[in-house]
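For reference, the chains in residue letters:
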Amino acid sequence: MDKINFPNYLEDKIFEIRYNSNLISNIISYFPFSESEKKKVRSVLNMAAFDGFHSIFTDLISDDEWNKTREQIKKKFKDELFDIDKISKS
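Reading guide: rules and limits
- Residues numbered from 1 in each chain as written.
- Predicted model: local features only at pLDDT ≥ 70, side-chain atom pairs only at ≥ 80, totals over all residues.
- Heavy atoms only, no water.
- Pairing = 2+ DSSP bridges.
- Helix = DSSP H or I, 4+ residues; strand = E, 2+ residues; numbered from the N terminus.
- Right-handed = clockwise from strand over helix to strand, strands pointing away.
- Buried < 20%, exposed > 50% of the residue type's maximum accessible area, 1.4 Å probe, protein only.
- Polar contact = N/O pair within 3.5 Å; in protein donor to acceptor, adjacent residues only side chain to side chain.
- Contact = heavy atoms within 4.5 Å.
- Salt bridge = Lys/Arg side-chain N within 4 Å of Asp/Glu carboxyl O.
- Core = buried A, V, L, I, M, F, W, Y, C linked by side-chain atoms within 4.5 Å.

**Points about the pairing of strand 2 (residues 23-29)**
Residues in a regular strand point their side chains to alternate faces of the sheet. Here six bridges tie strand 1 (residues 14-20) to strand 2, and the two strands are oriented antiparallel to one another. Among the inter-strand pairings, Tyr19 is bridged to a residue of strand 2, identified as Ile24. Between strand 1 and strand 2, which pair antiparallel one after the other, the connecting turn spans two residues, and Ser21 there sits at a positive phi close to 55 degrees. For the segment spanning strand 2, helix 2 (residues 35-45) and strand 3 (residues 53-55), crossover handedness is right-handed.

**Quick word on the side chain of Lys13**
Position of Lys13 among the secondary structure elements: in the loop between helix 1 (8-11) and strand 1. Using a relative accessible area of 11% as the deciding quantity, one classes Lys13 as buried. Reaching out from Lys13, the side chain makes a polar contact with the side chain of Glu37 at a distance of 2.4 Å. Discounting residues that sit within four places of it in the chain, Lys13 has contacts with Ser29, Tyr30, Phe33, Glu37, Asp63 and Trp66.

**Points about the pattern of salt bridges**
In this structure the tally under the stated criterion is eight salt bridges. Notably, a salt bridge pairs Glu16 with Arg18, separated by 3.3 Å at the nearest N-O pair. A relative accessible area of 41% means that Arg18 is categorised as partly exposed. What emerges from the salt-bridge pattern is a single network uniting Asp12, Arg70, Glu71 and Lys74.

**Some words on the nonpolar core**
Formed by Phe6, Leu10, Ile14, Ile24, Ile27, Phe33, Val41, Leu45, Phe50 and Phe53, the largest nonpolar core amounts to 10 residues. When residues no more than four places from it in sequence are discounted, the contact partners of Ile27 are Phe6, Ile14, Glu16, Phe33, Val41, Leu45, Phe50, Gly52, Phe53 and His54. Formed by five residues, the second largest nonpolar core is a distinct cluster that contains Phe31, Trp66, Ile73 and Phe77.

Now the structure itself:
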């Protein structure tokens, strides 16, 4: 399976990409993608009908807000996921 090369600004906003039978089934972003971002994803995937968009948060934020908080958000998720692993292995 080839790695999809999303533009950096989109790649940065993606938390996880899920596959089903080597095809992308879901793209989970931190915050909902705008319509133009969804259009760009569909274009990169060459799948005009792709609708597997999900997000962790439901709030809509601007690119400025994302740029100001993204490192904090990513760190928080990374730290919490590692903590979950530690708890489940205990």
